[in-house]
Amino acid sequence: MAQAALRNICKEYPGGVLAVDHFNLEIRDKEFVVLVGPSGCGKSTTLRMIAGLEDITEGQLYIGEKLVNNISPKDRDIAMVFQNYALYPHMTVYQNMAFGLKMRRMPKTEIKKRVEETAALLEIDDLLKRKPKALSGGQRQRVALGRAMVRSPAVFLLDEPLSNLDAKLRAQMRLEIIRLHQRLQATFVYVTHDQTEAMTMGDRIVVMKDGRIQQADTPENLYHHPCNQFVAGFIGSPQMNFFTAAVKRAGEGWQLVWQDGQMILPGQRNLTPLEGQQVTAGVRPEDLFICTEQKQGCFFGTVAVAEMIGAETYLTIETGKNRFTMRVPSLGAPKVGQKLCLGVNHDRLHLFHLQTGERLRL
């Protein structure tokens, strides 16, 4: 079993800098977990503590049933793939892949078998005699993956392994890593700052901010049910639109009122505790639509920017003090300067506490 458990893990650097703050996570056997968040949120530090490359200030780290806080990296049954590949420049591809096995004094015949089988799987078997300087970025990344794979570790750790690749190759390598995880049936812990990578690759995603877990959940739940405004804004591209509005009664129901418009809230929401208060409302770009005629709850805006992204166009719409981004089909998309009447998919509207940013479940 290759599960891992991080229990109240903390990392404090000299000077009282707390990089990771009471991190709790149970990683299941064969799970693909992605740690994601902005630069400086502690995700790479957490991965390096799992690898044993950073000391743990406080808490317990288990791999399988074994407490590994004081166990050296080579004895943790893990393999790490780094952002910069970390290949030995004076060695051939074969020698780079075989190096770890050689250090373990594995028989040469077994080393040869493992390296050749792994190279064939990664389609780099014709590169075994080359040195890293003669390889492209994608080929070097495959070699780095192969060097980890030949060891058959319990846990694979990947620290932003695709960040040095161009966009097209990055998309291709994402698919290859997903397929690799499916073939190997191993536990993967993957770090990235790219939420698109996180959403497309992870069985479960851990969103971090300031050394703390904000939410650990499936991609679907993170997108549709974010626990706070930070997660809602970080997950999704273009990001969720936010605006400040007051909660007011509308007959027997409720409405949101803000400087540029108002919106009737359908359904049986109990907003009595929030009556007269301001909240942060959030709506994703795909949940805005163009009204063909003015209706109650619609509001007006002017197209300030139109960005064509292939079949879709992202519109930036100014409504006074607020700006909204919405997605529309590129064919027949509104032009810059055009005035639009906008509506909102009320069922997909999110409300957050104005001060704490916590999602309001009312």
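Bear in mind the structure is a predicted one, so any value in this text is a computation, not a measurement.

Cut-offs applied
Residues numbered from 1 in each chain as written. Predicted model: local features only at pLDDT ≥ 70, side-chain atom pairs only at ≥ 80, totals over all residues. Heavy atoms only, no water. Helix = DSSP H or I, 4+ residues; strand = E, 2+ residues; numbered from the N terminus. Buried < 20%, exposed > 50% of the residue type's maximum accessible area, 1.4 Å probe, protein only. Contact = heavy atoms within 4.5 Å. Lys, Arg positive; Asp, Glu negative; His and termini not counted. Charge placed at Lys NZ, Arg CZ, Asp CG, Glu CD. Salt bridge = Lys/Arg side-chain N within 4 Å of Asp/Glu carboxyl O. pLDDT = per-residue confidence, 0-100. Pairing = 2+ DSSP bridges. Axes fitted to C-alpha atoms, helices over the stretch in contact; angles between N-to-C directions. Core = buried A, V, L, I, M, F, W, Y, C linked by side-chain atoms within 4.5 Å. Polar contact = N/O pair within 3.5 Å; in protein donor to acceptor, adjacent residues only side chain to side chain. Expected span 1.5 Å × (residues − 1).

1. Structural notes on the overall build of the protein
Looking only at helices and strands, one finds 8 helices and 20 strands in the protein. Across its three principal axes, the protein shows a C-alpha extent of roughly 80 × 45 × 35 Å. Buried positions account for 49% of the 362 residues belonging to the protein. Look at the contacts in the protein between residues 6 or more apart in sequence, and 65% of them connect residues 24 or more apart. Here the protein carries 45 positive and 38 negative side-chain charges, and the mean point of each set is 6 Å from the other.

2. Regarding the pattern of salt bridges
Pairs may arise between side chains of opposite charge once their charged atoms sit close together. On inspection of all chains with the given rule, the structure shows 15 salt bridges. Between Asp-75 and Lys-74 there is a salt bridge; the shortest N-O distance is 3.4 Å. A relative accessible area of 60% places Lys-74 in the exposed class. Here Glu-110 and Arg-114 are joined by a salt bridge, their closest N and O atoms 3.1 Å apart. Here Glu-110 pairs with Arg-114, and both are found in helix α3 (residues 108-121), just 4 residues apart, close to one helical turn. Given a relative accessible area of 28%, Glu-110 falls into the partly exposed group. Connected through salt bridges with shared partners, the residues Lys-11, Arg-48 and Glu-54 form a single ionic network.

3. What to know about the confidence of the model for the protein
Residue-level pLDDT values for the protein average 91, and 98% of them are 70 or greater. Predicted confidence in the protein is weakest over strand β13 (residues 261-265), with a mean pLDDT of 79, and strongest over strand β10 (residues 212-217), with 98.

4. Details of the environment of Arg-179
Among the secondary structure elements, Arg-179 is positioned in helix α5 (residues 167-184). Sequence separation between Arg-179 and Met-201 is 22 residues, and the spatial gap between their C-alpha atoms is 10.0 Å.

5. Quick word on the sheet that holds strand β8 (residues 187-192)
Judged by pairing direction, the sheet is mixed, and its 6 strands sit side by side in the order β6-β7-β8-β3-β9-β10 without closing on themselves. With one partner strand each, in any of the chains shown, β6 (78-81) and β10 form the two edges of the open sheet. With strand direction ignored, the average angle separating the axes of adjacent strands in the sheet is 15°. Pairing of strand β3 (residues 32-36) with strand β9 (residues 204-209), which is carried by 4 bridges, proceeds in the parallel orientation. Opposite Val-36, over in β9, you have Val-207 as the bridge partner. Most of the contacts of helix α4 (residues 137-149) go to β6, to which it runs at about 175°, and overall it touches β6 and β7 (155-159).

6. A few points about the side chain of Gln-141
Position of Gln-141 among the secondary structure elements: in helix α4. When sequence neighbours within four positions are dropped, the list of residues in contact with Gln-141 reads Val-81, Phe-82, Tyr-85, Pro-161, Leu-162 and Met-173.

7. Remarks on the nonpolar core
Grouped together as the largest cluster of nonpolar side chains are 46 residues, with contacts concentrated most on Met-97, Leu-145, Leu-158, Ile-177, Tyr-190 and Val-207. The dominant element in this core, judged by the number of residues it contributes, is α4, at 5 residues. Apart from the residues within four sequence positions on either side, Val-207 is in contact with Val-36, Arg-212, Ile-213, Gln-214, Gln-215, Leu-222, Phe-230, Val-231, Phe-234 and Ile-235. Ranked by size, the runner-up nonpolar core spans 29 residues in total, among them Phe-23, Leu-25, Ile-78 and Val-206.

8. Here's the deal with unusual backbone geometry
Backbone phi values are negative for most residues with the exception of glycine, while trans is the configuration of most peptide bonds. Following Ser-237, the chain continues into Pro-238 via a peptide bond in cis, with omega recorded as -5°. Mapped onto the elements, Pro-238 comes out in the loop between α8 (229-234) and β11 (241-250). Unusually for a residue other than glycine, Asn-8 sits at a positive phi of about 55°. The residue Asn-8 is located in strand β1 (residues 4-13) in this model. By relative accessible area, which is 36% here, Asn-8 ends up partly exposed. The phi dihedral of Gln-185 falls on the positive side, at around 50°, and the residue is not glycine. Residue position: Gln-185 is located in the loop between α5 and β8. Given a relative accessible area of 45%, Gln-185 falls into the partly exposed group.

9. Structural notes on the side chain of Arg-284
Within the element layout of this structure, Arg-284 appears in the loop between β14 (278-283) and β15 (288-290). Within the buried set, Arg-284 has no salt-bridge partner at all; the shortest N-O distance to an opposite charge, 5.0 Å, is to Glu-286. A polar contact is formed between the side chain of Arg-284 and the backbone oxygen of Ile-235, at a distance of 2.9 Å. For Arg-284, the contacting residues outside a window of four places in its chain are Leu-222, Tyr-223, Ala-232, Ile-235, Gly-236, Met-240 and Asn-241.

10. Overview of the pairing of β10
Examined bridge by bridge, β9 and β10 share 5 bridges and lie antiparallel to one another. Residue Val-206 lies in a different strand from β10, and its bridge partner there is Ala-216. The hairpin turn running from β9 into β10, its antiparallel successor, is 2 residues long, and Asp-210 in that turn takes a positive phi close to 55°.

11. Re α5
If you check α5, its first and last C-alpha atoms are 26 Å apart, about what 18 residues at 1.5 Å a residue would give, namely 26 Å. For α5, the N-terminal capping position is held by Asp-166, with its side-chain oxygen 3.2 Å away from the main-chain nitrogen of Lys-168.

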